[in-house]
Amino acid sequence: MNAQELVHVHALLFELRIHFERDGDVPADAFDAYETQPVRPTHIHRPKHEHEHAIDLLRDGLGQSARIRLQPDHAPVS
């Protein structure tokens with residue numbers, strides 16, 4: 001994936017994080033690791049590997065959040 005595509009994926013995952021947080025389906029510490037790293041989707045001139053790392057951290061937090069949504073006792077938010 002080229003750098004521009006990585007920045008785009010980073011931005012999309014960041015938006016998905018906001019959506020999950022708005023719905024309240026996020027464990028308290030799901031995005032702590034992401035928050036401690038300095039790269040955000042708007043940092044378009046940062047190296048590719050830094051965006052890859054940020055994407056991995058977002059993916060981990062989103063995975064934790066998705067597991068909550070998949071639990072049988074989880075009531076959907078309306």
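Description of the structure in this document. In this text, all values refer to a predicted model and were calculated from it rather than measured experimentally.

### Section: the pattern of salt bridges
Then comes step 1: For the coordinates displayed, the defined rule picks out 6 salt bridges.
Then comes step 2: Of the charged contacts, one joins R46 and E50 as a salt bridge, the two residues approaching to 2.8 Å between their closest N and O atoms.
Then comes step 3: Assessed through its relative accessible area of 33%, R46 is described here as partly exposed.
Then comes step 4: For R59, the salt bridge identified is with D56, shortest N-O distance 2.9 Å. On the criterion of helical spacing, the pair formed by R59 and D56 is a turn pair, its members being 3 residues apart in helix α3 (residues 48–70).
Then comes step 5: Given a relative accessible area of 34%, D56 falls into the partly exposed group.
Then comes step 6: Residues joined in a network through salt bridges with shared partners are R17, E21, E35 and R40.

Calculation rules
- Residues numbered from 1 in each chain as written.
- Predicted model: local features only at pLDDT ≥ 70, side-chain atom pairs only at ≥ 80, totals over all residues.
- Heavy atoms only, no water.
- Salt bridge = Lys/Arg side-chain N within 4 Å of Asp/Glu carboxyl O.
- Buried < 20%, exposed > 50% of the residue type's maximum accessible area, 1.4 Å probe, protein only.
- Helix = DSSP H or I, 4+ residues; strand = E, 2+ residues; numbered from the N terminus.

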